[in-house]
Amino acid sequence: FMASLQKRNERLYFRLLIDHIEELMPVVYTPTVGQACQEYAYLFRETSGFYISIDHKGRVDELMSNWIDEDVRLIVVTDGERILGLGDLGVSGMGIPIGKLALYNACAGIDPVHCMPVTLDVGTDNAHFRLDPLYQGRREPRVRGDEYFEFIEEFIQSVIKRFPNALLQFEDFATPNAVQLLERYQDRLLCFNDDIQGTAAVALAGLYAATRITGTPLSEMRVMFAGAGSAATGIANLLAIAMEQEGLSREEALSRCYCTDSRGLITKDRETLTRHAAPFAADLPAMSLEEAVATIKPHALIGATGSGGTFTQNLLEIMAQHHESPIIFALSNPTTKAECTAEDAYHATGGKGIFASGSPFNVVNINGQVKVPGQGNNAYIFPGLGLGALVAGITRINDEMLIVAAKALAETVSEYQLQLGCLYPPLNTIREVSQVIAIAVGHKATELGLATLTTGADFPQIVAASMYDPRY
């Protein structure tokens, strides 16, 4: 219904989404968007977004010239290999760029006329989709290696040529490609990886807010990550930089961040270490996640595994044994992939846990208290970051801007919300939150010499005036 409304009456669609954001964000984005992508071929009615097949290699710029709007300022692109926690959905992952851009429009007022959702079709390793007669993409295994990166390079060159002022957001690429593409292009054009950088900033914001409850500074925390993919290591890297800003050396900051994967704690004596996980390898013997939590006694346990139920009752009870207010983030999406539910976390910790998740959970009543689980949704970060980047004419996005965005988000959480155990502001304030983040990011970019437009005393008014507001 929402997708068809967007086609029929775009202004009404965004008005409805803005006015009922708490109810409808889970419809236009996670968790419903995951199911929508899985069923994309069956629900398909009319083309949305821009598809580029690797079969068009050598003609990508010619295809890009067909896009209806020449003033594109925001592009969200995926190759569909790692859609949420659901894996390889190929071109059916188009629901993600469409949904992300809807949130940019609703949460930060980016005019939809300037937005371009893109899916790059390089095949799929999803055998079910390859045999499905309704699947709309290439029924071939994924292209990898040099041919894949040459195709991406051709796409990037066309973006730079045709839309030089656009922000390009990489979305739901598999970890090795996600890391490599961000490293390759972050200094060549204005780009951003939401799975690495957006997730990192929103998780860091939750930790900043949690320090107001626990009284333990960030620099004194030990943090355990369940997962060692792009999301987990992205959070760990940004957290380490934030700890350095609070006075720790690089080595001290890294030593407070621990990562685990399906084999347990990642240690220095591992035979193989991925480049993005290696800095967080612990100088400890191999052990399971539960053993690591019992040994290291982390203040915070952050899940980015894509595996539902990873945080068992016993694991959560161990967290509660060592800290008065253990911090538990179950960030994997959609809801079925969450490491634990809010109810699991509160009951296992006797109501002492400080909980946040990637997907929404209902309020929990325990021991006569009302607990409001915070949703650490990237929508709290990327819309405001994008708004600030576009209005200030930012040329590059760096870690300092992400940390400023995280601090700005944490500061919008009221004392009343914290008393309820909620680490994020209400969703119905998200447009105001995005403005706060955009202003902070714009000022930081100016300070760093990375803004091409003035961000003086009137910058807040300029940001507010630039926001698309679908009123009749």
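As the structure is a computational prediction, the values presented were derived from the model and not from experiment.

K.L.:
Even after reading the chapter, I still don't get the side chain of Asn-126, so can you show me in this structure?
P.N.:
Relative to the elements of secondary structure, Asn-126 occurs in the loop between strand 3 (115–121) and helix 8 (127–131). Under the relative-accessibility criterion, Asn-126 is labelled buried at 17%. Excluding anything up to four places from it in sequence, Asn-126 contacts Asp-88 and Leu-89.

K.L.:
I keep staring at the packing of helix 7 (residues 95–108) against helix 17 (residues 382–392) and nothing clicks. Help me out?
P.N.:
Geometry of a packed helix pair, given as the angle between the helix axes and the separation of the axes. Between helix 7 and helix 17, whose axes approach to 9 Å, the crossing angle comes to 75°. Classified by the angle between their axes, helix 7 and helix 17 sit roughly perpendicular to one another. Within the contact between the two elements, helix 7 uses Lys-100, Leu-103, Tyr-104, Cys-107 and Ala-108 and helix 17 uses Phe-382, Pro-383, Gly-384, Gly-386 and Leu-387.

K.L.:
Any chance you could explain the packing of helix 9 (residues 146–162) against helix 10 (residues 175–185) here in plain terms?
P.N.:
Running from N to C, helix 9 and helix 10 cross one another at 45°; their axes reach a closest spacing of 12 Å. Here helix 9 is positioned oblique relative to helix 10, judged by the angle of their axes. Helix-helix and strand crossings are classified by hand; for helix 9 and helix 10 the assignment is right-handed. Here helix 9 contributes Tyr-148, Phe-149, Ile-152, Glu-153 and Ile-156 to the contact with helix 10, which in turn contributes Asn-177, Gln-180, Leu-181, Arg-184 and Tyr-185. When the residues that make up the contact of helix 9 with helix 10 are grouped by side-chain class, the tally is 6 nonpolar, 2 polar and 2 charged.

K.L.:
Would you mind going over the sheet that holds strand 1 (residues 50–53) with me for this structure?
P.N.:
One key point about sheets: their strands pair by backbone hydrogen bonds, in either a parallel or an antiparallel sense. Spatially, 5 strands are ordered 1-3-2-4-5 in an open sheet, and the strand pairing comes out parallel. The open sheet terminates on both sides in strands that have one partner only, identified here as strand 1 and strand 5 (191–193). Recorded for the sheet is a direction-independent mean angle of 25° between the axes of neighbouring strands. As paired strands, strand 2 (residues 74–78) and strand 3 are joined by 5 bridges and run parallel to one another. Within strand 3, the residue paired with Ile-75 across the bridge is Met-116.

Analysis parameters
- Residues numbered from 1 in each chain as written.
- Predicted model: local features only at pLDDT ≥ 70, side-chain atom pairs only at ≥ 80, totals over all residues.
- Heavy atoms only, no water.
- Helix = DSSP H or I, 4+ residues; strand = E, 2+ residues; numbered from the N terminus.
- Buried < 20%, exposed > 50% of the residue type's maximum accessible area, 1.4 Å probe, protein only.
- Contact = heavy atoms within 4.5 Å.
- Axes fitted to C-alpha atoms, helices over the stretch in contact; angles between N-to-C directions.
- Parallel < 35°, antiparallel > 145°, perpendicular 65-115°, else oblique.
- Left-handed = near helix turned anticlockwise from the far one by under 90°.
- Nonpolar A, V, L, I, M, F, W, Y, C, P; charged D, E, K, R; others polar.
- Pairing = 2+ DSSP bridges.

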